[in-house]
Amino acid sequence: MPAPPPPEELAAELRARVDAACAEAAAKIAQADVFLLCTGAGFSADSGLAVYADVARVHAYVQRDFAYHDICQPKWLEDDPELFWGFWGQCFNDYRDTAPHAGYEILSRWAKRFHDTDFAQLLKKQLDPAWPFHFKSDEPPYNVPDRPGAFFAFTSNVDGHHLDWFAPHEVRECHGNVELYQCAARRAGCRKLWRAPLNFRFSVDTRRMRALETVPSKEGSQQPRSDDACSKACSSTCSPCGGSGLVLEETCPFCDGTKSCAGDTGTFALCSNTREDAGRLSRFSDRSSSAGDIAQWIEHELQKEEDEPEEPASPAIAEPRVGRVRGGGRPGALRQLTGPVPDAVAAGFARNRPVCLSCNGPARPAILMFGDFDWQDSPASSKRWKAWSKTVEQIMLETSRKENRKVKAVILEIGAGRNVPTIRSLCERMLHNWKEAGADATLVRVNPELPLGDTHACRPGGHLERSIVSIMARGLDSLCRMDSMMPQAIA
């Protein structure tokens, strides 16, 4: 378990020496042969995305006394699919519409120095010949055309933002990401992973954090969500008619033919004749299989308006939460991924709830959730990370024994907290293993609350204490400071 925050006297000392710690870290990275980047949820926070403590602080979840670990469970896909897709659909939208912060560019620039060094070339030669570990039973969702050098990024974040800046052969997402999908009934034998279409957005009622299965459109069709549809509060296009102004060749009762949502609240315009329109549309049910759905959906929206109270007014939101993030667009989304990208129908996204490409049953994000026994990890991705870390350790050991020289290595950990300590545990384990292999290894831990070591060996007084640089600050701020202090050769 992570150690508690440092006592106030020590915390004050750590905050006072942030610049000195950043200078030390910059010097270590500039001199390193190997650079491992490890990131947790706090790293995404600088992009304006919600983290564990804040993601569920919206009225719809507070009413049910839900915290993040209550919502982030696969059981809701069967028990309450509107809740499940309301949460994961909005997370998908948030991540797709928010750009990674400037720290990614800084790290990408640093990483380039480690791609073609002597150590990198030796590493590429010694990697397992089976790389990239793709087999017929493990069809890759994207291409992996190269081998990593002396840089690798390991993250527990599921936003997919690392793939805007780092190539897939040098990234390990240990909990999956929201861009990949899998069959929800994996035990039935469907093991394929596939990508979401690039122009898709889920339709989510962000006030109630619920997502209906289909968004009715014109007669005989269902309207898939696209990036110009009303998926969030700032949108203007009417979802029921898809911006056409018509439902079943009749004036849309939600926007009254205006093709837009009411005002900038993100809720649908409910004119005085809406209930009459619902009854009228229900009489067309013999003309189209979607007509009954539309009438039922209109009644459902009306009932919610009558039964559920408005979310109480609150001061300006200081911390991001699901459905209430920075946004602003993400022009470089997934630009490091190569290979064909399916359209909405080919990817099983024809409706507001994806379906499995093999069995046509329910699909789900390929993300490790709490109480999750059906998560489909990418075997190839896991093997690539293990092969890289094993080969690095072997070279460290051989260099120490045969050349009597220590490989210089840096592990940069940013934003890894105590809620899910995967990254913190990994970093301290890697530090221990690399030191045992004879390397001159350093762990740079950047965290505004928990910058110290966790295990007895890494805590103050432990034998690895001197191998840890503790920076008690946020990730982006620390990276900017380090970058300004970085020698010109790497900066």
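All of these numbers come straight from a predicted model, not from anything done at the bench.

The rules behind each value
- Residues numbered from 1 in each chain as written.
- Predicted model: local features only at pLDDT ≥ 70, side-chain atom pairs only at ≥ 80, totals over all residues.
- Heavy atoms only, no water.
- Helix = DSSP H or I, 4+ residues; strand = E, 2+ residues; numbered from the N terminus.
- Buried < 20%, exposed > 50% of the residue type's maximum accessible area, 1.4 Å probe, protein only.
- Contact = heavy atoms within 4.5 Å.
- Areas by Shrake-Rupley, 256 points an atom, 1.4 Å probe, with all protein chains shown as cover.
- Axes fitted to C-alpha atoms, helices over the stretch in contact; angles between N-to-C directions.
- Parallel < 35°, antiparallel > 145°, perpendicular 65-115°, else oblique.
- Left-handed = near helix turned anticlockwise from the far one by under 90°.
- Nonpolar A, V, L, I, M, F, W, Y, C, P; charged D, E, K, R; others polar.
- Core = buried A, V, L, I, M, F, W, Y, C linked by side-chain atoms within 4.5 Å.
- Salt bridge = Lys/Arg side-chain N within 4 Å of Asp/Glu carboxyl O.
- Pairing = 2+ DSSP bridges.
- Expected span 1.5 Å × (residues − 1).
- Phe/Tyr/Trp six-rings, centres within 6.5 Å; stacked < 30°, edge-to-face > 60°.
- Lys NZ or Arg CZ within 6 Å of the ring centre and 35° of its normal.

Q: Report on the overall build of the chain, specifying residues and quantitative values.
A: When helices and strands are counted, the chain shows 15 helices and 11 strands. Looking at the 491 residues of the chain, the share that counts as buried comes to 54%. Pairs at least 24 residues apart make up 75% of the contacts formed inside the chain by residues separated by at least 6 positions. With an accessible surface of roughly 21400 Å², the chain has 49% of that area assigned to carbon and sulfur atoms.

Q: Lay out the packing of helix α9 (residues 118–126) against helix α13 (residues 379–402) in plain terms, naming residues and giving numbers.
A: In contact at an axis separation of 10 Å, α9 and α13 are set at 120° when each is read in the N-to-C sense. With respect to each other, α9 and α13 are oriented oblique. As for how α9 packs across α13, the hand of that crossing is right-handed. In contact with F119, L122, L123 and Q126 of α9, α13 contributes W388, T391, V392, I395 and E398. For the contact of α9 with α13, the per-class residue count stands at six nonpolar, two polar and one charged.

Q: A description of the nonpolar core should follow, citing residues and the corresponding values.
A: L36, L107, W110, L412, W434, I471 and M482 are the most contacted members of the largest nonpolar core, which totals 78 residues. Ranked by residues supplied to this core, first place goes to α13 with seven residues. Not counting the four nearest positions on each side in its chain, L107 is found in contact with F35, L37, F43, F166, L412, I414 and L479. Grouped together as the second largest cluster of nonpolar side chains are 41 residues, A56, A60, F84 and C190 included.

Q: Lay out the pattern of salt bridges in plain terms, naming residues and giving numbers.
A: As a working rule, side chains carrying opposite charge can pair if their charged atoms are close by. The full count for this structure, using the stated rule, is 23 salt bridges. One salt bridge connects R210 with D80, and the closest N-O pair in it is separated by 2.6 Å. With R210 in the loop between β5 (194–195) and β6 (246–247) and D80 in the loop between α6 (76–79) and α7 (81–96), the pair connects residues that are 130 residues apart, well separated along the chain. Judged by its relative accessible area of 22%, R210 is partly exposed. Among the salt bridges present, the one from R109 reaches E105, with a minimum N-O distance of 3.1 Å. Residue R109 and its partner E105 are located together in helix α8 (residues 102–112), separated by four residues, close to a single helical turn. Through salt bridges with shared partners, a single network forms among E413, R424, E428, R445 and D454.

Q: Lay out the sheet that holds strand β4 (residues 176–183) with the relevant residues and their values.
A: Across the sheet, three strands lie side by side as β5-β4-β8; this open sheet has antiparallel pairing. Each edge of the sheet is formed by a strand with only one pairing partner; in this case those strands are β5 and β8 (363–367). Examined bridge by bridge, β4 and β8 share four bridges and lie antiparallel to one another. Residue pairing across strands places Y181 opposite P365, the latter belonging to β8.

Q: So what about helix α14 (residues 422–436)? Which residues, and what values?
A: Helix length check: α14, at 15 residues, gives a terminal C-alpha distance of 21 Å against a target of 21 Å (1.5 Å per residue), a fit within 8%. Those residues of α14 hidden inside the fold are in contact with β1 (34–39), β2 (151–155), α13, β9 (408–414), β10 (440–446) and β11 (468–471). The first or second residue beyond α14 is G438, which carries a positive phi of 95°.

Q: I'd love a proper account of the packing of helix α2 (residues 18–31) against helix α15 (residues 475–485), names of residues and values included.
A: Between α2 and α15, the least distance of the axes is 8 Å, while the angle of their chain directions is 60°. Compared by their axis directions, α2 and α15 come out oblique. Considering only the axes of α2 and α15, their crossing is right-handed. For the pair α2 and α15, contact is made by V18, D19, C22, A23, A25, A26 and I29 and by S478, R481, M482 and M485, respectively.

Q: Would you mind going over the environment of A16 in detail, with residue names and values included?
A: Turning to its location among the elements, A16 is positioned in helix α1 (residues 8–16). C-alpha of A16 to C-alpha of M472: the two residues are 456 residues apart in sequence and 9.1 Å apart in space.

Q: Could you give an account of the packing of aromatic side chains, with specific residues and numbers?
A: Counted according to the given criterion, the structure contains 22 aromatic pairs. Both rings, one in F152 and one in W388, keep their centres 5.0 Å apart while their planes meet at 40°; by these two values the pair is tilted. A residue pair is termed long-range when its members are at least 10 positions apart, and F152 in strand β2 and W388 in helix α13 qualify at 236 residues. Looking at W388, the relative accessible area reads 0%, which means it is buried. An aromatic cluster is present here, built from F84, W85, F92, Y181, F200, F202 and F349 joined pairwise through their rings. Note that R335 overlies the ring of W165, its terminal NZ or CZ placed 4.1 Å from the centroid.

Q: How would you summarise the environment of A196 if you had to cite specific residues and measurements?
A: Inspection of the secondary structure puts A196 in the loop between β5 and β6. C-alpha of A196 to C-alpha of F349: the two residues are 153 residues apart in sequence and 7.7 Å apart in space. Setting aside its immediate chain neighbours within four residues, A196 contacts F92, R96, E179, Y181, V341 and F349.

Q: Could you give me a rundown of unusual backbone geometry, with the residues and numbers involved?
A: A cis amide bond links W131 to the next residue, P132, at an omega of 10°. Along the chain, the position of P132 falls in the loop between α9 and β2. Of note, D65 is a non-glycine position whose phi angle comes to about 55°, a positive value. Positionally, D65 belongs in the loop between α4 (59–62) and α5 (68–71). Here D65 falls in the exposed class, since its relative accessible area comes to 65%. A positive phi angle, near 55°, is found at L334, a position not held by glycine. Tracing the backbone shows L334 in the loop between α12 (291–307) and β8. Given a relative accessible area of 3%, L334 falls into the buried group.

Shape is all these values report; function is a separate question.
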